[in-house]
Amino acid sequence: MRLERLQLRRIALDLVTPFRTSFGTEEHRDIMLLHVTTDEGEGWGECVAMAEPAYSAEFVDAAVLVIREHFWPTLVAGGPLDAADVGARLERYSGHPMSKAALEAAVLDAQLRADGIGLHEFFGGQRSQIPSGVSVGIFDSLDVLLAQVQGYVDDGYARIKLKIEPGWDIEPVRLVRELIGPEMGLQVDANTAYTRTDTDHLRRLDEYDLLLIEQPLAEEDVLGHAHLAAAIDTPVCLDESIVSLQTAADAIELGAAEIINIKPGRVGGYLEARRIHDLCVDRGVPVWCGGMVETGIGRAANAALAALPGFTLPGDISASSRFYRRDIVIDPITVDDGHVRVPDGPGMGFELDHDFLDSITTWSETLDAS
Ligand code: SMG
Ligand code: MG
């Protein structure tokens, strides 16, 4: 395919309810979407960078800049390409995996739409629906938390993930386990909020039969996660620490990752995400698909990825309505009987609601390939 044009577009969306994690509280989203035009067709990609560099070093303003000034000119200069070339051409640039992933996604969407095949078909996933988990934020009171969790249970979600931080961990977990009963999948995500000195405290979670504890320690503290994994029964899962196939392989070998959360944006794209999946299948490490509060664009692609057989745990692939009153895709993601449908349309399998998209667009810029 020959690249012709790239439109960068920022949209503003309010969350249905504030989403608080150990990094801070999110109420409004500022999301960058990419629309690529090629000689064979067009494609879309969603950049999962947040407005602030808190979850990782990336943020939306930086994504705009690095794509405009560095990534797009380099991609264009390389001549005709397909999706697999995107990562290779951008490899010499350090960091910015979410920006690279968004470009690769747009090119991949264009390529697959041109070929008339869906992403799940491209990946070879066999399932037509996948179990849906929901990520629940931190609240000011336990009563509010329990009411929220009950609502998600009523919505039919297959598992609950609680955000935790020091001062909001054992008691919320105890009460939620009591509320949802012993059978339902429950896991926690600390987003790096603990340190190596918290081992004895975190061991207290063992009695609640959690599926996993996600990223308790700092992103760089892979060895600390290995020590923790050896010291507690709850399986240790890495999110922020896994930024590539290499970091995944090393963390597994070190015993730091008993389970891996795969997020395409965090690892530089869907193709690297697939390679990490394959590695984990080979090493017997369960994986699940993480979420970055995506719109229907990113969620559709995540659902296609999560149809691969190694994704043995429910992902953070909740309904559009979990975060947004109205999604930018025509068919919002819904959860039925605990499952999300894997899209079967061409490309990443969504159709955009262009009128709504235009109405929430706050900024756009078009780059030509010449
Ligand atoms: O997309 O459903 C979702 C949110 C899932 O909790 C979620 N994501 O660390 O896994 C994570 C967080 C990252 C985004 S909030 C900082
Ligand atoms: Mg996480």
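Everything below is about the structure printed above this text.
Now for a description of the structure that goes with this document. (Residues numbered from 1 in each chain as written. Chains lettered and ligands numbered in written order. Predicted model: local features only at pLDDT ≥ 70, side-chain atom pairs only at ≥ 80, totals over all residues. Heavy atoms only, no water.)

**What to know about the nonpolar core**
Part 1 of the reasoning: The biggest cluster of nonpolar side chains holds 125 residues, and the ones touching the most others in it are Ile-160, Leu-162, Ile-260 and Ile-328.
Part 2 of the reasoning: Those residues in contact with Ile-160, other than ones at most four positions away along the chain, are Val-134, Val-136, Val-149, Tyr-152, Val-153, Ile-180, Met-184, Gly-185, Leu-186 and Gln-187.
Part 3 of the reasoning: Cys-237, Ile-259, Trp-288 and Leu-313 belong to the second largest nonpolar core, which has five residues in total. (Core = buried A, V, L, I, M, F, W, Y, C linked by side-chain atoms within 4.5 Å. Buried < 20%, exposed > 50% of the residue type's maximum accessible area, 1.4 Å probe, protein only. Contact = heavy atoms within 4.5 Å.)

**Here's the deal with the coordination of the magnesium ion (ligand 2)**
Part 1 of the reasoning: Bound to the magnesium ion (ligand 2) on the protein side are Asp-189 (OD), Glu-214 (OE) and Asp-239 (OD), at distances that span 2.1 to 2.3 Å.
Part 2 of the reasoning: Donor residues for the magnesium ion (ligand 2), ordered by position in the chain, follow D-x24-E-x24-D. Of this pair, Asp-189 sits in strand β7 (residues 185-189) while Glu-214 sits in strand β8 (residues 213-214), and the two are 25 residues apart along the sequence.
Part 3 of the reasoning: Using a relative accessible area of 1% as the deciding quantity, one classes Asp-189 as buried. (Donors = N, O, S within 2.8 Å, 3.2 Å for Na, K, Ca; no water. Helix = DSSP H or I, 4+ residues; strand = E, 2+ residues; numbered from the N terminus.)

**Side note on unusual backbone geometry**
Trans is the prevailing form of peptide bonds, just as negative phi is the prevailing case for residues other than glycine.
Part 1 of the reasoning: Notably, His-96 is not glycine yet its phi reads approximately 55 degrees, a positive angle.
Part 2 of the reasoning: Relative to the helices and strands, His-96 is located in the loop between α2 (83-90) and α3 (97-115).
Part 3 of the reasoning: A positive phi angle, near 50 degrees, is found at Asp-337, a position not held by glycine.
Part 4 of the reasoning: The residue Asp-337 is located in the loop between α12 (320-323) and β12 (339-341) in this model.

**Topic: the pattern of salt bridges**
Pairing between side chains of opposite charge can happen when their charged atoms approach one another.
Part 1 of the reasoning: This model, assessed by the stated rule, comprises 25 salt bridges.
Part 2 of the reasoning: Measuring nitrogen to oxygen at the nearest pair gives 3.2 Å for the salt bridge that ties Glu-165 to Arg-20. Within this pair, whereas Glu-165 is found in the loop between β6 (159-163) and α6 (170-180), its partner Arg-20 is found in strand β1 (residues 3-21), the two being separated by 145 residues in sequence.
Part 3 of the reasoning: Beyond isolated ion pairs, a larger network of salt bridges with shared partners links Arg-159, Lys-161, Lys-163, Asp-189, Glu-214 and Asp-316. (Salt bridge = Lys/Arg side-chain N within 4 Å of Asp/Glu carboxyl O.)

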